[in-house]
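So you can see what is in the structure, the chains are spelled out below.
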Amino acid sequence: MSAALAVGQLVEAAGALPAAIPSPPQHTWYVGPFPIRAYALAILAGIAVALWLTRRRWVERGGEADDVLEIAFWAVPFGIVGGRLYHVFSTPDPYWGPNGDPVRALYVWEGGLGIWGAVALGAVGAYIGCRRQRVSFPAFADALAPGLLLAQAVGRLGNWFNQELFGGPTTLPWGLRVDDSVAAAAGYPPGTLFHPTFLYEMVWNIGAALLLIYLDRRFRLGHGRVFWLYVFVYTLGRVWIEMLRIDEAELVLGLRLNVWTSILVGVGALIAFIVVGRRHPGREETVSLDAPDEASTTGSEEPVEESTDDEDPSTTEDSDDSEESEQADAARPDPGR
């Protein structure tokens, strides 16, 4: 009887719990005069996770572990600048609208990094880094792809702390609860629960990263195909997640700009994956750009070394016989004497 009573109390207590995901009460902490922002910490944590996984995958592909940090030195700043530029371009009203403030376009710590700009300009930085390290850019992109998804997943925690980029109202038990002022700014009454799109994208990205790792090991993908698969899988999720969001965005033919971008980029990635797979099946034998030259040089020298070091046995025997005959002739008395 006491056990049944205890179970009933637990059920009753569970029913009293709010069926919602609470938002963090604070997104900035101060150490003296210096602010520490959750959004920045989430971005840095995502970069660290991406570097850790990429380092392991790059070594497995035959690369040097130090290459990853050297390439990241170029890719990360390019990616941050590109992400901010795309965000300002796709959401211009807060900066260039009637009540906008252009200076706020520089406030990266307030949130707002467009993934498409980050990937596009980050790829330029990664290409520069790969050329300087003399390694294959497509091979590095393949090693990076799953880590990039994990970085995006961790980075979405910054949106949770900032109480931004959530979806429309929902009655689901995992609805997101935001501050009353945030709900009012979005045009909804206090207590409204919203779709936690940050959580949806986190789960999607983590699952996509695991899928890429499995497919890469199962089919030994290479020549950039893992990266193109990353783009395709990510855009599949981004289309439906983006359509749930209610934050300000530019509309094109009734759809958000990011939805159109996801569709176009996803189709392009699928085509690239198929074309590259037909031209370059399998995986690269080496990630070094200098390896083909070294191999050809070594191949041209080997016949010379063999011709100088190895001697024909018949030639050796003939030379030995001639030496013995000369010694015998020298020992034989001269008939003319």
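Look above for the structure.
To start, this report covers the structure provided alongside it.

1. Quick notes on the sheet that holds strand β4 (residues 176-177)
Spatially, three strands are ordered β1-β4-β5 in an open sheet, and the strand pairing comes out mixed. For this open sheet the edge positions go to β1 (21-22) and β5 (193-194), each flanked by a neighbour on one side alone. Relative to β5, β4 runs antiparallel, the two sharing two bridges. Paired with R177 across the two strands is L193, which belongs to β5.

2. Observations regarding helix α5 (residues 115-133)
Its 19 residues place the ends of α5 26 Å apart at the C-alpha level, agreeing with the 27 Å of an ideal helix rising 1.5 Å per residue. Its buried side turned inward, α5 meets α3 (65-90), α6 (137-162), α9 (225-242) and α10 (257-279). In the segment just after α5, R134 is the residue with positive phi, at about 60 degrees.

3. A look at the environment of H280
Residue position: H280 is located in the loop between α10 and α11 (291-309). The partly exposed category is assigned to H280, whose relative accessible area is 40%. The contacts of H280, once residues within four sequence positions are left out, are H223 and R225.

4. Some details on a nonpolar patch on the surface
The grouping of W29, V31, I36, L41 and L44 at the surface amounts to a nonpolar patch, some 450 Å² of accessible area in total. If you list the elements that add at least two residues to the nonpolar patch, you get β2 (28-31) and α2 (38-60). Tracing the backbone through its elements, the reader meets L44 in helix α2.

5. Structural notes on the side chain of R84
Mapped onto the elements of the fold, R84 is located in helix α3. A polar side-chain atom of R84 sits 2.7 Å from the main-chain carbonyl oxygen of A105.

6. So, the pattern of salt bridges
The final tally for this structure, using the stated rule, is ten salt bridges. One salt bridge in this structure joins R134 and D290, with 3.1 Å as the shortest N-O distance. With a gap of 156 residues between them, R134 in the loop between α5 and α6 and D290 in the loop between α10 and α11 connect regions that are remote in the sequence. Overall, the relative accessible area of 34% leaves R134 in the partly exposed class. A relative accessible area of 28% means that D290 is categorised as partly exposed. In this structure, the salt-bridge partner of D247 is R245, at a minimum N-O distance of 3.0 Å. If you follow the salt bridges from partner to partner, you end up with R238, E242, R245, D247 and R256 in one network.

7. Quick look at the packing of aromatic side chains
Each aromatic ring pair is described using two quantities: the centre-to-centre distance and the angle formed by the ring planes. Per the counting criterion, the structure on display carries 14 aromatic pairs. Note on W29 and F161: the rings are 6.1 Å apart at their centroids and 70 degrees apart in plane angle, and the pair reads as edge-to-face. Highlighted residues: W29 in strand β2 and F161 in helix α6, separated in sequence by 132 residues. For W29, a relative accessible area of 35% corresponds to the partly exposed category. On the numbers, 5.7 Å between centres and 10 degrees between planes, the contact of W160 with F198 is stacked. Residue W160 is found in helix α6, and its partner F198 is found in helix α8 (residues 197-219); the two are separated by 38 residues along the sequence. A relative accessible area of 23% places W160 in the partly exposed class. Following the ring pairs from residue to residue traces out a cluster consisting of W116, F227, W228, Y230 and Y234. Here R218 stacks its cationic end above the ring of F219, 4.9 Å away from the centre of that ring.

8. Details of the pairing of β2
As defined by bridge partners, β2 adjoins strand β3 (residues 34-37) across four bridges and the pair is classed as antiparallel. Its bridge partner being in β3, T28 is matched across the sheet by R37. Between β2 and β3, which follow one another and run antiparallel, lie two residues, and G32 among them has a positive phi close to 65 degrees.

9. Some thoughts on the nonpolar core
Core analysis: the largest hydrophobic core is formed by 25 residues, its most contacted members being L149, L212 and Y230. Only α5, α6, α8, α9 and α10 provide two or more residues apiece to this core. With seven residues, α9 is the single largest residue contributor to this core. Beyond its immediate chain neighbours, meaning those up to four positions away, L212 contacts A145, P146, L149, V226, L229 and Y230. Counting residues in each nonpolar core, the second largest holds eleven residues, with A75, A126, V135 and V287 among its members.

Rules behind the numbers
Residues numbered from 1 in each chain as written. Predicted model: local features only at pLDDT ≥ 70, side-chain atom pairs only at ≥ 80, totals over all residues. Heavy atoms only, no water. Pairing = 2+ DSSP bridges. Helix = DSSP H or I, 4+ residues; strand = E, 2+ residues; numbered from the N terminus. Expected span 1.5 Å × (residues − 1). Contact = heavy atoms within 4.5 Å. Buried < 20%, exposed > 50% of the residue type's maximum accessible area, 1.4 Å probe, protein only. Patch = residues over 30% accessible without salt bridge, like charges linked within 9 Å, V, L, I, M, F, W, Y side chains within 5 Å. Areas by Shrake-Rupley, 256 points an atom, 1.4 Å probe, with all protein chains shown as cover. Salt bridge = Lys/Arg side-chain N within 4 Å of Asp/Glu carboxyl O. Polar contact = N/O pair within 3.5 Å; in protein donor to acceptor, adjacent residues only side chain to side chain. Phe/Tyr/Trp six-rings, centres within 6.5 Å; stacked < 30°, edge-to-face > 60°. Lys NZ or Arg CZ within 6 Å of the ring centre and 35° of its normal. Core = buried A, V, L, I, M, F, W, Y, C linked by side-chain atoms within 4.5 Å.

So yeah, pure geometry; function would need other evidence.
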